[in-house]
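Chain residues, written in single-letter form:
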Amino acid sequence: MEKVQETAEKIRTMEVRGAGRIAKAAAEAIRDYAAGLEVASMEEFATSIQEVSSFLISTRPTAVSLPNAVKLASRYSSGNVEEARQEIITNANLFIKRADRALEKIGKIGSRRIQDGDVIMTHCNSHAALSIITTAFDTGKDISVIATESRPRRQGLLTIRHLNDFSIPTTLIVDSAVRYYMKGVDKVIVGADAIAANGALVNKIGTSQLALAAHEARKSFMVAAETFKFSPSTIVGNPIEIEERAADEVVAPSVLADLPHVQVRNPAFDFTPAEYIDMIVTDIGIIPPAMAYTVIKEHLGWEFEEI
Ligand SMILES: O=P(O)(O)OC[C@H]1O[C@H](OP(=O)(O)O)[C@H](O)[C@@H]1O
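The rules behind these values
- Residues numbered from 1 in each chain as written.
- Predicted model: local features only at pLDDT ≥ 70, side-chain atom pairs only at ≥ 80, totals over all residues.
- Heavy atoms only, no water.
- UniProt positions renumbered as here; feature names shortened; annotations may be inferred.
- 1 Å grid on protein atoms, 1.4 Å probe; cavity = no way out; pocket = protein on both sides within 12 Å on 5 of 7 lines; lining within 4 Å.
- Helix = DSSP H or I, 4+ residues; strand = E, 2+ residues; numbered from the N terminus.
- Buried < 20%, exposed > 50% of the residue type's maximum accessible area, 1.4 Å probe, protein only.
- Contact = heavy atoms within 4.5 Å.
- Near = heavy atom within 4 Å.
- Polar contact = N/O pair within 3.5 Å; in protein donor to acceptor, adjacent residues only side chain to side chain.
- Areas by Shrake-Rupley, 256 points an atom, 1.4 Å probe, with all protein chains shown as cover.
- Nonpolar A, V, L, I, M, F, W, Y, C, P; charged D, E, K, R; others polar.
- Domains from an automatic or database assignment.
- Points joined across faces, edges and corners; volume = space filled by probe spheres on them.
- Buried area = accessible area lost by both parts, 1.4 Å probe.
- Core = buried A, V, L, I, M, F, W, Y, C linked by side-chain atoms within 4.5 Å.

Our next topic: the UniProt feature "binding site: substrate" (unreviewed entry) in the chain. The UniProt feature table records "binding site: substrate" (unreviewed entry) at Arg17, Gly18, Ala19, Gly20, Arg60, Asn203, Lys204 and Lys229. These annotated residues cover 213 residues of sequence, but their C-alpha atoms sit close together, with the largest distance between any two at 14.2 Å. Of the residues named above, Lys204 line the largest cavity. Within the secondary structure, Arg60 is located in the loop between helix H3 (42–57) and helix H4 (65–73). Judged by relative accessible area, which is 4%, Arg60 ranks as buried. For Arg60, the contacting residues outside a window of four places in its chain are Ile11, Met14, Arg17, Ile22, Leu66, Lys204, Glu243, Arg245 and Phe269. Secondary-structure assignment places Lys204 in strand E6 (residues 201–204). Ignoring sequence-local partners within four residues, the contact set of Lys204 consists of Arg60, His123, Cys124, Gln155, Asp193, Ala268, Phe269 and Asp270.

Around the ligand sit 19 residues in total, of which Arg17, Gly20, His127, Asp193 and Asn203 are the nearest. With respect to the ligand, the backbone of Gly20 contributes an N or O atom lying 2.7 Å from an oxygen atom. The separation between an oxygen atom of the ligand and a polar side-chain atom of Asp193 is 2.6 Å. Summarising the interface, the protein chains cover 100% of the accessible area of the ligand, which totals 450 Å² for the free molecule. Elements supplying a minimum of two residues to the shell around the ligand: helix H2 (19–36), helix H6 (127–138) and E6. In the shell around the ligand, the residues fall into 6 nonpolar, 8 polar and 5 charged. Residues lining the shell around the ligand come from more than one domain, with at least three contributed by each of domain 1 (2–103) and domain 2 (106–306).

Another aspect to go through is empty space enclosed by the protein. Over the atoms rolls a probe the size of a water molecule, and its path tells where empty space is left. Applying the stated criterion across every chain yields a total of 2 cavities of 30 Å³ or more. Roughly 60 Å³ of internal volume is contained in the largest cavity. Lining of the largest cavity is provided by Ser150, Arg151, Pro152, Arg153, Gln155, Lys204, Ile205, Arg245, Glu249, Asn266, Pro267 and Ala268. Split into classes, the residues belonging to the lining of the largest cavity amount to 4 nonpolar, 3 polar and 5 charged.

Moving on to the domain arrangement of the chain. Taken as a whole, the chain is organised into domain 1 (2–103) and domain 2 (106–306). Relative to domain 2, the C-alpha centre of domain 1 lies at a distance of 25 Å. In total, domain 1 and domain 2 occlude about 2,200 Å² of area from one another, counting both sides; carbon and sulfur atoms represent 54% of this. Among the residues domain 1 hides against domain 2, the three largest losses belong to Arg17, Thr62 and Leu103. Together they make up 28% of the total.

Here we take up the UniProt feature "active site" (unreviewed entry) in the chain. Those residues carrying the UniProt feature "active site" (unreviewed entry) are Cys124 and Asp193 in this numbering. Spanning 70 residues, the named residues form one tight spatial group whose C-alpha atoms are at most 11.5 Å apart. Residue position: Cys124 is located in the loop between strand E1 (119–122) and H6. By relative accessible area, Cys124 is classed as buried at 6%. The residues touching Cys124, leaving out its near neighbours within four places in the chain, are Arg17, Thr148, Ser150, Gln155, Gly156, Thr159 and Lys204. For Asp193, the position within the fold is in the loop between strand E4 (187–190) and strand E5 (194–195). According to the relative accessible area criterion, Asp193 is buried, its value standing at 9%. For Asp193, the contacting residues outside a window of four places in its chain are Ala19, Thr62, Ala63, Val64, Ser65, Val202, Asn203, Lys204, Lys229 and Phe269.

Judged by nonpolar contacts, the single largest core of 29 residues is most densely connected at Met121, Val188, Ile195, Phe221, Val223 and Phe230. Broken down by secondary-structure element, the contributors of at least two residues to this core are E1, helix H8 (178–182), E4, helix H9 (207–216), strand E7 (220–224) and helix H11 (292–299). At 4 residues, the largest contribution of residues to this core is made by H9. Once residues lying within four places of it in the same chain are set aside, the contact partners of Phe230 are Val64, Asn68, Ile195, Ala225, Ile280, Thr282, Ile287, Ala292, Val295, Ile296 and Leu300. In terms of nonpolar packing, the next biggest core, distinct from the first, is built from 22 residues, Val4, Ile11, Ala26 and Tyr33 among them.

Right, here's the structure in full:
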């Protein structure tokens, strides 16, 4: 349990972050927990796995990759402890392998849509979006990137470091400069924390203003998302919860101490409606947002009774 708590804390404090990485870390935690679990009965095994699953899922509410990963990794059908343990280990390892493979596939598929000379704008730090950008560059396309700072956690600094390592010409801008630079942009590529059944995107706060600016300037808006970022529970009407993080990520508590009439709001994500999205690049191909429902029904393998 100690290791599970450690992983949960890393996810909560964002030491481990990015919807895909969170999912992999949770699958690893479930796998290692199941491997070392000492129980007297199958009932005890089932209860312990259930408790740990719920605990991991509670760490961050928005990234649907987390419950999807936990659900896929912790599946077992056997009524025997040793067999069920092995099933979880196998399923978790399979999930991790597929997640890595999905990033590569997204890179390959998405990079075919990038043209020589493209200026690409990206937001926050998405490993899926970066996979497309770096693959396009590695296949010889002469591209450059405009990366947003992504306040308040400034994940844009991770993005520029990554792009610099690949020697990709990159410009860092503040979030409020997005519309100012949109005219010179060819494509916007962002990641996803969740995609709803109606094709709406949930991603880092500020994504919707990129989409709006891209729409206004008639620039292509691409989303890079593994299929495990599609949200099954939105099919049955559950909304995706937007995580609101602590005020001290935005401003130091000492500043607020003298300002009794001021409150700080810090939503970590926002919604981008499907009509602003040109395509979603997934590990099973490029889809229009209207196909989100099909991805959930046919490729995610969730039964409605499970939701
Ligand atoms: O899975 P990958 O593509 O890496 O990232 C997907 C999304 O996860 C991140 O959330 P946070 O920084 O964890 O809050 C960003 O919103 C990013 O676009």
